[in-house]
Amino acid sequence: MHRKKQRTLHDGKCCNVRSAPPNFSEATPDFSTPNFLMKLSDDQIETLSETELGEALIGRGLDLALYPDKQAKVRKAQSL
């Protein structure tokens, strides 16, 4: 059962709002953290978009100019 929170609206009236439980399945992963790629399997790395791979590699401090296409980014991510 969720606890009710009491909130004050902008006009000073109160309303009761139920707080929803956190939904961890819909959490957006933080690609910029250095350990993000290390937690993924090779298959999971291959399913990432090229943008997501790029963000993850930049988070590791790598220069994307060295990895021009998605396949090069995938190979580098898998080697980490």
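One numbering rule holds for all chains: residues counted from 1, following each sequence as written. Where local features are concerned, this predicted model is filtered to residues with pLDDT of at least 70; where side-chain atom pairs are given and counted, the filter is 80 or more; whole-chain, interface and lining totals use all residues. Side-chain numbers come from the whole structure's heavy atoms, not from hydrogens or water.

Here's the deal with the overall build of the protein
To keep it simple, the criterion reads: In DSSP terms, a helix is any run of H or I states spanning at least four residues, a strand is any run of E spanning at least two, and both are numbered starting from the N terminus. Any residue under 20% of the maximum accessible area for its type is buried, any over 50% is exposed, and the rest in between are partly exposed; the area is computed with a 1.4 Å probe on protein chains only. Residue contacts follow a heavy-atom distance rule, with two residues in contact if any of their heavy atoms lie within 4.5 Å. Residue burial considers only the protein chains on display, and all accessible areas are found by Shrake-Rupley using a 1.4 Å probe.
A tally of helices and strands in the protein yields three helices and two strands. Each of the 80 residues in the protein was classed as buried or not, and the buried ones make up 18%. Within the protein, residue pairs in contact and separated by at least 24 positions form 21% of the contacts whose partners lie at least 6 positions apart. Within the structure as shown, the protein displays about 6200 Å² of accessible surface, and the carbon and sulfur contribution to it stands at 50%.

Brief notes about the environment of Asp-69
Topologically, Asp-69 is positioned in the loop between α2 (50-59) and α3 (70-79). Taking relative accessible area as the criterion, Asp-69 reaches 38% and is therefore assigned partly exposed. Along the backbone, Asp-69 and Gly-54 are 15 residues apart, and their C-alpha atoms lie at a distance of 9.8 Å.

Some words on the pattern of salt bridges
Condition: Each salt bridge in this description consists of a side-chain nitrogen of Lys or Arg and a carboxyl oxygen of Asp or Glu lying within 4 Å of one another.
Under the defined criterion, the tally for this structure stands at one salt bridge. Ionic pairing is found between Lys-73 and Glu-50, a salt bridge with its closest N-O pair at 3.2 Å. Of this pair, Lys-73 sits in helix α3 while Glu-50 is found in helix α2, placing the two residues 23 residues apart along the sequence. The class for Glu-50 is partly exposed, based on a relative accessible area of 35%.

Observations regarding the nonpolar core
Applicable threshold: Residues belong to one nonpolar core when they are buried, are Ala, Val, Leu, Ile, Met, Phe, Trp, Tyr or Cys, and are joined through side-chain atoms within 4.5 Å.
Core analysis: the biggest nonpolar cluster contains ten residues, these being Phe-31, Phe-36, Leu-37, Ile-45, Leu-48, Leu-53, Ala-56, Leu-57, Val-74 and Ala-77. Of all the elements in the fold, those that place two or more residues in this core are α2 and α3. Counting residues per element, this core draws most heavily on α2, which supplies three residues.

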